[in-house]
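Chain by chain, the residues run as shown.
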Amino acid sequence: MGIEVRPATEFVDVKTMLGPRRPDATVCWCLSYRIPAKQNAALKSTARGELVQGLVAQDPPPGVLAYDGGEVVGWAGVHPRADTGFARNRRIPHVDNLPVWSVWCIRVRPGYRGRGISHQLLQGAVEFARSYGAPAIEGYPVDNQGRKVDLTMAYVGTRGLFEKAGFAKAADTDSVLNGFPRVLMRRDLR
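Notes on the structure in this doc start here. Throughout this description, residue numbers start from 1 for each chain and increase along the sequence as written. Since the coordinates come from a predicted model, pLDDT governs what is reported: local features require at least 70, and pairs of side-chain atoms require 80 or more to be given and counted, while whole-chain, interface and lining totals use all residues. In computing side-chain values, all of the structure's heavy atoms are included and hydrogens and water are not.

Residue exposure (1.4 Å probe, protein chains only): buried if accessible area is under 20% of the type maximum, exposed if over 50%, otherwise partly exposed. Helical segments are the DSSP runs of H or I of at least four residues, strand segments are the runs of E of at least two, and each set is numbered from the N terminus. With nine of ten residues buried, strand β3 (residues 71–80) is to be regarded as a mostly interior element. We treat two strands as partners when DSSP finds at least two bridges between them. The pairing of strand β2 (residues 63–68) with β3 spans six bridges and is antiparallel. The residue of β3 that forms the bridge with V64 is A76. In textbook terms, the turn of a hairpin is the stretch between consecutive antiparallel strands, and for β2 and β3 this stretch comprises two residues, one of which, G69, has a positive phi near 65°. Pairing of β3 with strand β4 (residues 101–108) involves seven bridges; the strand directions are antiparallel. The partner of G74 across the bridge, within β4, is V108.

Listed below in structure tokens is the structure:
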């Protein structure tokens, strides 16, 4: 059947990709770049999941999900930059004043990695942003120059992944993740 990428409108599937095993555990839920840092730090116990459940009900939802048949296998966080921490981030520059979208997290479930799902998620994020009229989409991956990236830090993607999806480097950043510099990659959607 192949991999299908669609908007993240099913909370149970988002929870499968982002939620903790224990509902009261404090994990990211892909909120680190989505909401202000103070609000993120204040969320405890099940409040994170409840907030994400509310985001999933909004239009546009907070990202896209990849499915293999009926099983959810991947997630990409994608939303208008103005609604993310990148709107205020001093380490990630703004190239211009276009109302661009940002993709900041790409995650594939264990057991499904190495099958190209990250590529499909990124392409799905591009199509999702395009469907909402985004003039461009940005990502902020690591520029690892072909070196191995720790899986826990690979969620931002690599420069190579973004280049294969038609993105081009638009700027350097002052951000570093896992010892690798991050670059601003952009794809025009007009």
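The next thing to look at is the packing of aromatic side chains. The criterion for an aromatic pair is that two Phe, Tyr or Trp rings (for Trp, the six-membered ring) have centres within 6.5 Å, with stacked assigned to planes under 30 degrees apart, edge-to-face to planes over 60 apart and tilted to the rest. Under the criterion given, the structure shown has seven aromatic pairs. Between Y33 and F86, the aromatic rings sit 4.8 Å apart at their centres with planes inclined by 20°, giving stacked as the arrangement. With Y33 in the loop between α1 (11–18) and α2 (37–42) and F86 in the loop between β3 and β4, the pair connects residues that are 53 residues apart, well separated along the chain. You'll find Y33 and F86 in the same group, each marked buried. For the ring pair F162 and F167, a centre distance of 4.9 Å and an interplane angle of 80° mean the geometry is edge-to-face. For F167, a relative accessible area of 4% gives the class buried. Taken together, the ring pairs in this structure connect Y33, F86 and Y140 into an aromatic cluster. Over the face of the ring belonging to Y67 we find R6, whose NZ or CZ atom lies 3.7 Å from the ring centre. As a reminder, the over-ring test applies to NZ of lysine and CZ of arginine, requiring each to be within 6 Å of the ring centre and within 35 degrees of the ring normal.

Below, the discussion takes up the sheet that holds strand β6 (residues 168–177). Pairing in this open sheet of seven strands is mixed, and the strands run β1-β2-β3-β4-β5-β7-β6 from one edge to the other. Of all the strands in the sheet, just β1 (3–7) and β6 have a single pairing partner and so form its edges. Strand-to-strand twist of the sheet, defined as the mean angle between neighbouring strand axes without regard to direction, takes the value 25°. Where α1 meets the sheet, its contacts fall on β2, β3 and β4, and the angle it forms with β3 comes to roughly 95°. Here the axes come from fitting lines to C-alpha atoms, over the contacting stretch only for helices, and the angles between their N-to-C directions go from 0 to 180 degrees. Here a residue-residue contact requires only that any non-hydrogen atoms of the pair lie within 4.5 Å.

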